[in-house]
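Architecture and fold: a report
Below, each chain spelled out in residue letters.
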Amino acid sequence: MSSRTTLIVGLVGLVAVIGLTFVLDPYRNYQLATIAAYLCVVAGLTMLTGVNGQLSLGHAALAACGAYCYAFTANGLAEQEVTGPVLLILPILAAVAGAAVLGLIVGLAAARLHGPYLAGVTLALVLALPAITSRFSDVFNGDQGLYISVERRPEFLAGRGGTEMFQAWVAIACAALVVILLRNLMKGNFGRQMRAVRDNEVAAAIAGVNVARTKVIAFTVSSAAAGAGGAVLAFMTQSASPGAFSLVFSLFLLMAAVIGGIGTLYGALWGSILLVVLPDAIGSLTKSLSLSPEVAQRLDGNLAVGLFGAIMVLVVIVAPLGIQGLLRKGRLKMQSRGTPQSVPVPK
Amino acid sequence: MSDLLTLNGVSAGYGPVSVLHGIELAVPERSITAVVGANGAGKTTLLRTIMGQIRPSAGSIRMGGTDLSKVKVEDMVRNGLALVPEGRGVITELTVDENLRLGGLWRGNSAESSRTLAEVYELFEPLQNRRKSAGHQLSGGERQMLAIGRALMAKPKLLLLDEPSLGLAPRITAQILQLLGRLRDETGLTVLLIEQNVRSALSVADHGVVLNLGRVVAARPAAELAADTDLRHTYLGF
Amino acid sequence: MELERFLFLTVDGLARGAVLAVFALSLVLIWRAARIINFSQGAIAMAATYLAFVVTSATGNYWLGLVAALLGGAAIGFVVERGVMRYVSSVNPLNSVIAALGVLLVIQAIIGMLFGNGYHPMQVPFSQSPLPWLAGLSISAYDLFVFACVGFVVIGLAVLFGKTNVGLRMRAAAFSPELARLLGVRSNRMITLGWMLASALSALAALLVVPTELGLNPHSTDAVFVYAFTIAVVGGLDSAPGAVVGGLVVGVLLSWVSGYLGATLSPVAVLVLLLAVLLIKPGGIFSVTKERTA
């Protein structure tokens, strides 16, 4: 797709989504905001894993880092009785910066690691998170987590829409920024360098790419995106707690990137939508079946987890390019009107 | 003398890329047959097709009464075929002893296997001192000996070798080719040899087959081929 | 008092480390057989432990449960390898990690649906109080049982891979599957066998460690997997002796950390150790020599 069409599609999409917030009920707006928050993290992850070939299972921890940074900054500002846009923007920036710093540290280690090793380290990172929050309970308030003072919806919105609408706006704005920045990064020279490193580190190095530097930058940027997502989640829930950023959440993020189509920002969007919509749909389905409360409780959550896992396995085996790959294949087929045409397959 | 292995109209390739076209080949019993040809003639593909690593798209491969094109790779050794792969294919993480044992493992009879093991060590004396060395510690020549020794452990009727001279000193190549001649004379082994080193290969072989762009262009007694300067100029470039 | 505590922590760490070593061995086995780090190993072991729980609860016999866990673990390993992992393209090594994570989610979800997400208490066959005739060492009968199991596994594996034909076939198939097939080894079968053996081992490890320390729930082996992964990396993923020594070392280290610095810090200590080893000696402390390339 050319740059101009992408721009038009993006702008139209953005306007449409913001328009959507006016018609949706508060619960749907909250879901929309959640999708946007996930999109921040998944977009960063899909760039890191799909474009640069670094598999991170630790993006939940990086998002958590963002959420806690948001919490500290927001609560600190609130104590100084700061209000207005500053109380919103400064904590988000702090979250992005904090996650980027943690990402830089992990990334420096990651630059020397390959595939499964990095996955193991980042997995350990996610499991270390609750240990840290409960060990330094006076700072992080343990498993309970922190309550956050957030910026309320602006006055001019009163009467027009609920808090959820404002949350959706903030989330959408963050997601749009993250996606635009990542897109430019992936399309440009740095994107080529990331792909070169992914495909063959030795060949990339011979071609003059600084492999370690590329990997570290990719990890740092990806972490910053995760931090933005964590900040939005913290803003929406008014809390930051380790339970919200568990291993399962990390796996869900990876799954969203994979099922959507790893390495593509559209794929990150489809994956994030699925992450919110599928559990919701399964929830309503089990409710409609009028099961006994005990059975319903067991199915709740578990069914979605199992389904996600099964889809992820299927996608890896049958359609490694995910939803976006299938869409593109379908579009190419329509364009070529039956004449056989090979699909450009990114590795 | 009857033919041990016969290929009739065999075509094969990699996916849509066809490499071999209607190959006719007969390997007589108790003889050495050398298949020669330039790079890209399809020599290695031919061996891979015989060993079942590539399935022919047409034609038949028969050995004795068996249709080899239906036999799985791992069952080839049970049908009397043993391959010495290209590039001295030994399992580098295993020791010399283990590599050799592995070669005879399919027969399962340990008394007979240890007898064969002793014979192989006798044949390749340098390996004896390195029994416990891992494959990656061997020199190129030792690796080639190990690969051949391991194939012999299987007590094959037909020994297939893929470019045994590749990367070896001429003296070692000569030794290995002489050994093949001895095995043919003493044990009645049948050998199918793929070589780029045409002169050496034809000097030891009984029959020569020239492969060019996936087709058999000549199949004659080796001495005759070696003497045919026209053919040499056209297909073998010297 | 100080010395007594130190001894207690050390022995406790050795016992825990021995179990983790068995789990790490299972990771090493699959790594060697298929060049895959099996991120679903913890879930497989957890499911097998549930099987032991069910059998032991029904029959009142611990040993039947143990056998069930071993057989069940092998069976799950078989299904995972033949049903999923075999079909994952190895072009990109991340694919197998992602597929294994998918398997992990599926297994955890199935167990959660069958048994709920709560904890189930499990019994052990021997007392956990220190034996009087080993005064001062604070070794319990259960510790001895654990050491015996681990010793049996280590010796069994050494014999299997060092002395038997099946072991030789498995190693050949692991190192060089195509070449092994040419030599008559049924490589696919050997790789499946490796998965079954590894899964049974991890089931044994989980069954030894879950009842006393973690309690049975669908996530009880998450941390065990990370510990075992760390051990396997510390020891070098290719090295079985490395996994055993690494297991004991990491077990003792963790025990000291949680004993002296606070129980919750173990996961952080593991993270630090893992990073340190990977950055200083990425091939593991016991990594073997590089292949001669000339």
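Residues numbered from 1 in each chain as written. Chains lettered and ligands numbered in written order. Predicted model: local features only at pLDDT ≥ 70, side-chain atom pairs only at ≥ 80, totals over all residues. Heavy atoms only, no water.

**Thoughts on the overall build of chain A**
Of the regular secondary structure elements, chain A holds 15 helices and two strands. Its C-alpha atoms give chain A a radius of gyration of 20 Å, within 12% of the compact-globule value 20 Å for 347 residues. The principal-axis extents of the C-alpha atoms in chain A amount to approximately 60 × 45 × 45 Å. When the 347 residues of chain A are sorted by exposure, 51% land in the buried category. Across chain A, contacts joining residues at least 24 apart in sequence account for 79% of those joining residues at least 6 apart. Counting only carbon and sulfur atoms, one obtains 66% of the accessible surface of chain A, whose full area is about 15700 Å². Computing the positive centroid from 22 side-chain charges and the negative centroid from 13, chain A places the two 21 Å apart. (Helix = DSSP H or I, 4+ residues; strand = E, 2+ residues; numbered from the N terminus. Rg over C-alpha atoms; globule rule 2.2 N^0.38 Å. Buried < 20%, exposed > 50% of the residue type's maximum accessible area, 1.4 Å probe, protein only. Contact = heavy atoms within 4.5 Å. Areas by Shrake-Rupley, 256 points an atom, 1.4 Å probe, with all protein chains shown as cover. Lys, Arg positive; Asp, Glu negative; His and termini not counted. Charge placed at Lys NZ, Arg CZ, Asp CG, Glu CD.)

**Describing the sheet that holds strand β2 (residues 17–28) of chain B**
Residues and elements named next belong to chain B. In space, the four strands of this open sheet follow the order β2-β1-β4-β5, with antiparallel pairing throughout. Only two strands of the sheet have a single neighbouring strand rather than two, namely β2 and β5 (66–67). The sheet strands contacting helix α1 (residues 43–50) are β1 (3–14), β2 and β4 (58–63), and the helix crosses β1 at an angle near 115°. (Pairing = 2+ DSSP bridges. Axes fitted to C-alpha atoms, helices over the stretch in contact; angles between N-to-C directions.)

**Structural notes on the interface of chain C and chain A**
A common measure of how large an interface is: the accessible area buried when the components associate. Chain C puts 44 residues into the contact, and the matching count from chain A is 40 residues. Summed over the three residues of chain C that lose the most area to chain A, namely Ile98, Leu105 and Met113 of chain C, the buried surface amounts to 17% of that side. Applying the counting rule to chain C against chain A returns zero salt bridges. Our count for the chain C to chain A interface comes out at three residue pairs in polar contact (both at pLDDT 80 or more). (Buried area = accessible area lost by both parts, 1.4 Å probe. Salt bridge = Lys/Arg side-chain N within 4 Å of Asp/Glu carboxyl O. Polar contact = N/O pair within 3.5 Å; in protein donor to acceptor, adjacent residues only side chain to side chain.)

**Points about empty space enclosed by the protein**
For the structure shown, the criterion picks out four cavities of 30 Å³ or more. Put simply, the largest cavity is a space of about 100 Å³. In terms of lining residues, the largest cavity is bounded by Leu123, Leu247 and Leu251 of chain A together with Phe39, Gly42, Ala43, Leu101, Leu104, Thr221, Asp222, Phe225 and Val226 of chain C. When grouped by side-chain class, the residues that make up the lining of the largest cavity number nine nonpolar, two polar and one charged. What the second largest cavity holds in volume is close to 80 Å³. Taken together, Leu29, Arg32, Ala33, Phe161, Met170, Arg171, Ala174, Phe175, Met190 and Gly194 of chain C make up the full set of residues lining the second largest cavity. (1 Å grid on protein atoms, 1.4 Å probe; cavity = no way out; pocket = protein on both sides within 12 Å on 5 of 7 lines; lining within 4 Å. Points joined across faces, edges and corners; volume = space filled by probe spheres on them. Nonpolar A, V, L, I, M, F, W, Y, C, P; charged D, E, K, R; others polar.)

**Section: unusual backbone geometry**
A positive phi angle, near 50°, is found at Arg30 of chain B, a position not held by glycine. Positionally, Arg30 of chain B belongs in the loop between β2 and β3 (32–36). The phi dihedral of Arg35 of chain C is positive, around 55°, even though this residue is not glycine. Among the residues examined, Arg35 of chain C registers a relative accessible area of 40% and is labelled partly exposed.

**Points about the packing of helix α2 (residues 96–104) of chain B against helix α6 (residues 165–175) of chain C**
Any two packed helices are characterised by the angle at which their axes cross and by the distance between the axes. With their axes 10 Å apart at the nearest point, α2 of chain B and α6 of chain C run at an angle of 105° to one another. By the angle between their directions, the pair α2 of chain B and α6 of chain C is classed as roughly perpendicular. Together, Glu98, Arg101 and Leu102 of chain B of α2 of chain B and Asn165, Leu168, Arg169, Arg171 and Ala172 of chain C of α6 of chain C make up the contact between the two elements. The residue inventory of the contact of α2 of chain B with α6 of chain C, partitioned by class, reads three nonpolar, one polar and four charged. (Parallel < 35°, antiparallel > 145°, perpendicular 65-115°, else oblique.)

**Quick word on the pattern of salt bridges**
Here the structure, examined in full by the defined rule, presents 20 salt bridges over all chains. Ionic pairing is found between Glu178 of chain C and Arg181 of chain C, a salt bridge with its closest N-O pair at 3.2 Å. Note that Glu178 of chain C and Arg181 of chain C are positioned in helix α7 (residues 177–182) at a spacing of three residues, about one turn of the helix. One connected set of salt bridges, linked through shared partners, spans Glu74 of chain B together with Glu178 and Arg181 of chain C.

**Description of the packing of aromatic side chains**
All names here are of chain C. All chains considered together, the criterion is met by 20 aromatic pairs over all chains. Ring geometry for Tyr142 versus Phe145: centroids 6.0 Å apart, planes at 45°, classification tilted. Here Phe145 and Tyr142 lie together in helix α5 (residues 141–163), a separation of three residues that amounts to about one turn. Taking relative accessible area as the criterion, Tyr142 reaches 3% and is therefore assigned buried. (Phe/Tyr/Trp six-rings, centres within 6.5 Å; stacked < 30°, edge-to-face > 60°.)

**Brief notes about the interface of chain C and chain B**
With 21 residues of chain C at the contact, the number on the chain B side is 25 residues. Applying the counting criterion to the chain C and chain B interface returns three salt bridges. Between Arg186 of chain C and Asp75 of chain B there is a salt bridge, with the nearest N and O atoms lying 2.9 Å from each other. Where the side of chain C that touches chain B is concerned, the elements lending two or more residues are α6 and α7 of chain C. Per-element accounting of the side of chain C that touches chain B gives the leading share, six residues, to α6 of chain C. Residues belonging to the side of chain C that touches chain B are distributed by class as follows: seven nonpolar, five polar and nine charged.

**A closer look at the nonpolar core**
Core analysis: the biggest nonpolar cluster contains 229 residues, and Tyr70 of chain A, Leu5 of chain B together with Phe39 of chain C have the highest contact counts within it. Among the elements that line this core, the one with the most residues is helix α2 (residues 26–51) of chain A, at 15 residues. If we ignore the near neighbours within four places in the chain, the residues touching Leu5 of chain B are Leu25, Ala26, Val27, Ile50, Ile61, Arg62, Met63, Leu68, Leu158 and Leu192 of chain B. The next biggest cluster of nonpolar side chains, apart from the first, holds 45 residues, and it includes Ala34, Tyr121, Ile148 and Leu168 of chain B. (Core = buried A, V, L, I, M, F, W, Y, C linked by side-chain atoms within 4.5 Å.)

**Thoughts on the pairing of β2 of chain B**
Residue and element names in this part refer to chain B. When β1 meets β2, the two strands line up antiparallel, connected through eight bridges. Counterpart to Thr6 in the pairing with β2 is Ala26. Counted along the chain from β1 to the antiparallel partner β2, the turn is two residues long, and its residue Gly15 has a positive phi close to 60°.

**Topic: the sheet that holds β3 of chain B**
All names here are of chain B. An order of β6-β7-β8-β3-β9-β10 is seen for the six strands of this open sheet, with the pairing classed as mixed. Each edge of the open sheet carries a strand with a single partner, namely β6 (81–84) and β10 (215–221). Between one strand and the next, the sheet's axes are offset by a mean angle of 15°, whatever the strand orientation. As paired strands, β6 and strand β7 (residues 158–162) are joined by four bridges and run parallel to one another. Bridge pairing in β7 links Leu81 to Leu158.

**Details of the arrangement of the chains**
Contact analysis covers two pairs of chains in contact, and the most contacts occur between chains A and C. Contact between chain A and chain B is absent, and the minimum C-alpha spacing across the pair is 14 Å.

**Considerations on the environment of Val106 of chain A**
All names here are of chain A. Looking at where Val106 falls in the secondary structure, it is placed in helix α4 (residues 85–110). Residue Val106 is classed as buried on the basis of its relative accessible area of 10%. In this structure the C-alpha to C-alpha distance between Val106 and Phe219, which are 113 residues apart in sequence, comes to 7.9 Å. Not counting residues up to four positions away in its chain, the partners in contact with Val106 are Thr122, Leu125 and Phe219.

**Looking at the pairing of β1 of chain B**
Bridging between β1 of chain B and β4 of chain B involves five bridges; their strand directions are antiparallel. The partner of Ser11 of chain B across the bridge, within β4 of chain B, is Ala58 of chain B.

**What about the packing of helix α1 (residues 2–34) of chain C against helix α8 (residues 187–214) of chain C?**
Residue and element names in this part refer to chain C. Contact geometry of α1 with α8 gives a least axis separation of 8 Å together with a crossing angle of 160°. Taken together, the axis directions place α1 and α8 in an arrangement best described as roughly antiparallel. Classified by chirality, the crossing of α8 by α1 is left-handed. On α8, the residues touching Arg16, Val19, Val22, Phe23, Ser26, Leu29, Ile30, Ala33 and Ala34 of α1 are Ile191, Gly194, Trp195, Leu197, Ala198, Leu201, Ser202, Ala205, Leu208, Val209 and Glu213. For the contact of α1 with α8, the class distribution of residues is 15 nonpolar, three polar and two charged. (Left-handed = near helix turned anticlockwise from the far one by under 90°.)

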